[in-house]
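Single-letter residue listing:
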Amino acid sequence: MLAAMGITIPGFERTAIGVAGGVELAAAVGGSGPLLVLLHGFPQTHLMWRRVAPVLAEECTVVCPDLRGYGGSSKPEADYAETYSKRTMAADVVGLADALGFDRFALVGHDRGAHVAFRAGLDHPDRVSHLGILDVLPTPDTWDVLAGVGAAVAFHLYLMAQPPGLPERLIGAAPDAFLGHFLDAWSTRPGAIPADVRTEYLRAARAAVPSIVADYRATATVDLEHDTADRAAGHRLTMPVTVVQQDRGTQMGFDGAAIWRAWAADLEHVTTRAGHFMAEEAPADVVDVIRALLCR
């Protein structure tokens, strides 16, 4: 049974789409034309695209699913490592496109959704026509650049990398304090996440703590193994790729453009002065970037 989806994107139809393994993805669907899939980040749901998706739906069929383990989507028990691997979650996206009758689709992801999109681009280059990545680095590069006190900004990565039990208990004891910390600390423009949306994010994430932790735990285990193997083999993204990152890479000691250039043959790297939640803080800019990507 799907969890309640809560509020959704205005003008979009809410639906449930079945993929492999009995998993159902809660999704908001709107528009017509070629398929564009938008994947959300942490600690959000598909609702993060509420100011972007309706504009793009004037030109595309836009589908905004909740990732498995999040929002209204199925939350299978993480009984083995692959349950929340990005390879499995990427296969969910391909299954979604299959269910909607599309052979090819453009894919844009933010944060956790960007990791899923990255894996989909590597595993399914024949299906993903264009790839957009908002504010992440590939998993091996993420772990490579985190060092010293600067890594404190990513303390949640280390917490949720721990074996099952402790992270779930700690976060579950005060979920709103933990999850709300990121909504506040990663926001740079007051009001970009209004009170009703913030409440919905917390409601949805509060009910998904075990699966959210499993998703992050995969990043420190099976996802790292998959990405490291691809990097060692020299595998690269072959479709047009646009990466948007906050203008802070030099402050944290890494060159985002150089990192992504090693992974993508056809790369457009863009920086923004908006914060991490750029689709909510600067939606018009994100729309422009996605439109430019789709024209390449």
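For the structure, check the block above.
Anyway, here's the lowdown on the structure attached to this text.

Rules of the game
- Residues numbered from 1 in each chain as written.
- Predicted model: local features only at pLDDT ≥ 70, side-chain atom pairs only at ≥ 80, totals over all residues.
- Heavy atoms only, no water.
- Salt bridge = Lys/Arg side-chain N within 4 Å of Asp/Glu carboxyl O.
- Helix = DSSP H or I, 4+ residues; strand = E, 2+ residues; numbered from the N terminus.
- Buried < 20%, exposed > 50% of the residue type's maximum accessible area, 1.4 Å probe, protein only.
- Contact = heavy atoms within 4.5 Å.
- Pairing = 2+ DSSP bridges.
- Phe/Tyr/Trp six-rings, centres within 6.5 Å; stacked < 30°, edge-to-face > 60°.
- Axes fitted to C-alpha atoms, helices over the stretch in contact; angles between N-to-C directions.
- Core = buried A, V, L, I, M, F, W, Y, C linked by side-chain atoms within 4.5 Å.

Taken as a whole, this structure holds 18 salt bridges when the rule is applied. Residue arginine 112 pairs with aspartate 215 through a salt bridge whose shortest N-O separation is 3.0 Å. In this pair, arginine 112 sits in helix H3 (residues 112-123) while aspartate 215 sits in helix H9 (residues 209-219), placing the two residues 103 residues apart along the sequence. Each member of the pair arginine 112 and aspartate 215 is classed as buried. For aspartate 184, the salt bridge identified is with arginine 198, shortest N-O distance 3.0 Å. With aspartate 184 in helix H7 (residues 175-185) and arginine 198 in helix H8 (residues 195-206), this pair connects stretches of sequence that are 14 residues apart. For arginine 198, a relative accessible area of 26% translates into the label partly exposed. One salt-bridge network, in which partners are shared between bridges, spans Arg87, Arg119, Asp123, Asp227 and Asp230.

Glancing now at H7. Residues Pro175, Phe178, Leu179, Gly180, Phe182 and Leu183 constitute the buried set of H7. As for H7, its buried residues are in contact with helix H5 (155-159), helix H6 (166-173), H8 and H9.

Looking now at the environment of alanine 90. With respect to the element layout, alanine 90 can be found in helix H2 (residues 86-100). Sequence separation between alanine 90 and glycine 22 is 68 residues; the distance between their C-alpha atoms is 15 Å. Beyond its immediate sequence surroundings of up to four residues, alanine 90 is in contact with Val116, Arg119 and Ala120.

By the criterion of burial, strand S7 (residues 241-246) is predominantly enclosed, with six of the six residues buried. Of the two faces of S7, the one lined by Val241, Val243 and Gln245 and the one lined by Thr242, Val244 and Gln246 are each fully buried. Sheet topology places strand S6 (residues 128-134) next to S7; four bridges connect them, and they run parallel. For glycine 132, the partnering residue across the bridge sits in S7 and is threonine 242. Here S7 pairs with strand S8 (residues 267-272) via six bridges, running parallel. Of the residues in S8, the one forming a bridge with valine 244 is valine 270.

With that settled, consider the packing of aromatic side chains. All told, the structure shown has eleven aromatic pairs when counted by the stated rule. Through a chain of ring-to-ring contacts, three or more aromatic side chains come together here, namely Phe42, Phe155, Phe178, Phe182, Trp186, Tyr216 and Phe277.

With that out of the way, let us pick up the sheet that holds S6. Spatially, the eight strands line up as an open sheet ordered S1-S2-S4-S3-S5-S6-S7-S8, and their pairing is mixed. The open sheet has two free edges, formed respectively by strand S1 (13-18) and S8, since each of these has just one partner strand. Neighbour-to-neighbour, the strand axes of the sheet open up by a mean angle of 20°, direction not taken into account. Summarising the sheet, strand S3 (residues 35-39) and strand S4 (residues 61-65) pair through three bridges and their orientation is parallel. Paired with valine 37 across the bridge in S4 is valine 63.

Here we come to the nonpolar core. Counting 92 residues, the largest nonpolar core has Leu38, Trp49, Val62 and Leu107 as its most contacted members. The contact partners of leucine 107, leaving out residues within four places of it in the chain, are Leu36, Val37, Leu39, Val93, Ala117, Ala120, Val128, His130, Leu131 and Gly132.

Nothing here speaks to function; it is all geometry.
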